[in-house]
Amino acid sequence: MKKIIYFLAFSCIASCQSTKETATKSLFSPTKYSNSITAEELKTHLYIVASDSMQGRETGSIGQKKAGKYLISQYQKDKIPFPKGAQNYYQHVPEAFLNAKRSQKLPDSENIWAYIEGTEKPDEVIVISAHYDHVGTKNDAIFNGADDDASGTVALLEIAQAFKLAKKEGHSPKRSILFLHVTAEEHGLHGSRYYTENPLFPLKNTVANINIDMIGRRDDIHPNTNNYVYLIGADRLSTELHQICTEVNEKYVNLDLDFRFNARNDPNNFYGRSDHYNFAKNGIPSVFIFNGVHADYHRKTDTPDKIEYDALAKRAQLAFNIAWELANRENRIVVDKK
């Protein structure tokens, strides 16, 4: 009888401890890690990625490859590895693929990837993407592409660093996260199309895509504030993804979410103009985070000194918190729309 009592008591203690750990995990706030994404660090990275030495990061150019090496150096510094199954940080994108639809005389280029493996559901993958190419030089003028899309590029570095810090402190994501810097967006979304046609991880295991393209400025629609961001596409395939974006923002970031460009009849067609589209057309719930266009869009005047780094930090924090929720929720989000 004593053995039975001892066993029941031990079982109760173990059960209570397990319940306590589960409750603690569910109540855990990622704010500490979100706040590690700072305007100062983003500015340091962006002044390098969008510097004249990168020569506008034209697809396959020396400048773009130099920018890619900088990105890799930062992942190595933070001890964030390239993905399982890959040989290095590069996904080679061949010249033949880049010029197959129409010849633009593009040379070979590369997507760049880094990876944090999940603990409980490692085969399920969240992809966070941004394109690191831009339009190069024209008439000896360098088009730095500070907002388009050095802003999203450096946001990925900071988001990855935040997840790595969480992992180091015992809060690894349940699902795996692929940080994907894609090439040739400016020439027709070719880098993201190459990845979705040649995925490292099966598309059926890809839970969602968060795509970040231009998040460092404000547009003419919001002349008096930068405390906003456009969300595009979140509700096209998954009701849950849209809910997560709005709830996470309200809980942690408090940006004004603007959905005007999410309208299906939007004449700008921003939904089809950035890299999330190649994931969405393959049935993967995707959200495009965007600040809108401005007078310096695709001009040589899109320079690092015009970036509003406080806004860049808040928008990157929003992307991090969306990814955190997607990676750590009990069940993967459901595709409930066609």
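Higher on the page you've got the structure.
Basis of the calculations
- One numbering rule holds for all chains: residues counted from 1, following each sequence as written.
- Local features in this predicted model are restricted to residues whose pLDDT is 70 or higher, and side-chain atom pairs enter the listing and the counts only when it is 80 or higher, whereas totals over whole chains, interfaces and linings include all residues.
- Based on all heavy atoms of the structure, the side-chain values leave hydrogens and waters out of the count.
- Helix numbering and strand numbering both begin at the N terminus, where a helix is a DSSP run of H or I of at least 4 residues and a strand a DSSP run of E of at least 2.
- DSSP bridges decide pairing: two strands pair if at least two such bridges lie between them.
- Angles shown run from 0 to 180 degrees and are taken between the N-to-C directions of axes, each axis being a line fitted to C-alpha atoms and, for helices, limited to the stretch in contact.
- In this analysis, two residues are considered to be in contact whenever any of their non-hydrogen atoms come within 4.5 Å of each other.
- Should an angle fall under 35 degrees it is called roughly parallel, over 145 degrees roughly antiparallel, and 65 to 115 degrees roughly perpendicular, with every other angle called oblique.
- Handedness of a crossing follows from how the near helix is turned relative to the far one, being left-handed for an anticlockwise turn of less than a right angle and right-handed for a clockwise one.
- Counted as salt bridges are all cases of a side-chain nitrogen of Lys or Arg within 4 Å of a carboxyl oxygen of Asp or Glu.
- Nine residue types can take part in a nonpolar core, namely buried Ala, Val, Leu, Ile, Met, Phe, Trp, Tyr and Cys, and a core is a set of them joined through side-chain atoms within 4.5 Å.
- Burial classes follow relative accessibility: with a 1.4 Å probe on protein chains only, a residue under 20% of its type's maximum area counts as buried, one over 50% as exposed, and anything between as partly exposed.
- The criterion for an aromatic pair is that two Phe, Tyr or Trp rings (for Trp, the six-membered ring) have centres within 6.5 Å, with stacked assigned to planes under 30 degrees apart, edge-to-face to planes over 60 apart and tilted to the rest.
- Lysine and arginine charges are scored as sitting over a ring when NZ or CZ, respectively, is within 6 Å of the ring centre and within 35 degrees of the ring normal.

A. Focus on unusual backbone geometry. Put simply, aspartate 148 and aspartate 149 share a cis peptide bond, and its omega is -5°. Its place among the elements puts aspartate 149 in helix H6 (residues 146-168). Here arginine 57, not a glycine, exhibits a phi torsion of approximately 55°, which is positive. Assignment of secondary structure puts arginine 57 in the loop between helix H3 (39-49) and helix H4 (62-77). Located in the positive-phi region is aspartate 140, a residue other than glycine, with phi close to 70°.

B. Just the sheet that holds strand S1 (residues 90-93), in detail. The mixed open sheet is built from 8 strands, whose spatial order is S1-S2-S6-S3-S7-S10-S8-S9. The sheet is open, and its two borders are formed by S1 and strand S9 (256-258), each paired with just one other strand. For this sheet, the mean inter-axis angle between neighbouring strands, taken without regard to orientation, is 25°. As paired elements, strand S3 (residues 121-131) and strand S6 (residues 175-182) share 8 bridges and run parallel to each other. Each bridged residue has a counterpart across the sheet, and for isoleucine 128 the counterpart in S6 is phenylalanine 179. Across the sheet, helix H11 (residues 309-328) lies against S3, S6, strand S7 (206-212), strand S8 (228-232), S9 and strand S10 (286-290), angled at about 180° from S7, the strand it touches most.

C. Structural context of the packing of H3 against H4. Where H3 meets H4, the closest approach of the two axes is 10 Å, and the angle between their N-to-C directions is 150°. The angle between H3 and H4 falls in the class roughly antiparallel. Where H3 crosses over H4, the two elements pack in a sense that is right-handed. Of the residues in H4, those in contact with His45, Ile48 and Val49 of H3 are Tyr70, Leu71 and Gln74.

D. Geometry of the pattern of salt bridges. A complete count under the given rule lists 12 salt bridges for this structure. Between arginine 218 and glutamate 308 there is a salt bridge, with its nearest N and O atoms 2.7 Å apart. Here glutamate 308 lies in the loop between S10 and H11 and arginine 218 lies in the loop between S7 and S8, a separation of 90 residues in the sequence. When salt bridges with common partners are traced through the structure, they connect Arg217, Asp296 and Lys306 into a single cluster.

E. How the structure looks around the nonpolar core. With 62 residues, the main nonpolar core has Phe179 and Ile210 as its most contacted residues. The leading source of residues in this core is H11, at 12 residues. By size, the runner-up hydrophobic cluster in this structure holds 12 residues, among which are Val125, Leu178, Leu180 and Val182.

F. Region of the structure containing the pairing of S6. The buried count for S6 comes to 8 of 8 residues, which makes it a mostly enclosed element. Across 5 bridges, the pairing between strand S2 (residues 109-116) and S6 is antiparallel. Residue tryptophan 113 lies in a different strand from S6, and its bridge partner there is leucine 180.

G. Quick look at the packing of H3 against H6. Two elements in contact, H3 and H6, have axes whose closest approach is 9 Å; the angle formed by their N-to-C orientations is 130°. Overall, the two elements H3 and H6 adopt an arrangement that is oblique. Of the two elements, H3 crosses H6, and the hand of that crossing is right-handed. Between H3, through Glu41, Leu42, His45, Leu46 and Val49, and H6, the contact on the second element is made entirely by Ala146, Ala150, Ser151, Thr153, Val154, Ala155, Leu157, Glu158 and Gln161.

H. Inspection of the packing of aromatic side chains at higher detail. Tallied over the entire structure, the rule returns 18 aromatic pairs. With a centroid separation of 4.6 Å and 50° between ring planes, the pair formed by phenylalanine 163 and phenylalanine 320 is classed as tilted. Of the two residues, phenylalanine 163 is situated in helix H6 and phenylalanine 320 in helix H11; the sequence distance between them amounts to 157 residues. A single burial state applies to phenylalanine 163 and to phenylalanine 320, both of which are buried. Ring centres of tyrosine 195 and phenylalanine 279 lie 6.1 Å apart, and the angle between their planes is 35°; on these two criteria the pair is classed as tilted. Residue tyrosine 195 is located in helix H7 (residues 190-197), and its partner phenylalanine 279 is located in helix H10 (residues 276-280); the two are separated by 84 residues in the primary sequence. We note that tyrosine 195, like phenylalanine 279, is buried. Members of the aromatic cluster, joined through ring pairs, are Tyr228, Tyr230, Phe261, Phe270, Phe288 and Phe290. A cation sits over an aromatic face here: arginine 236 above tyrosine 271, 4.1 Å from the ring centre.

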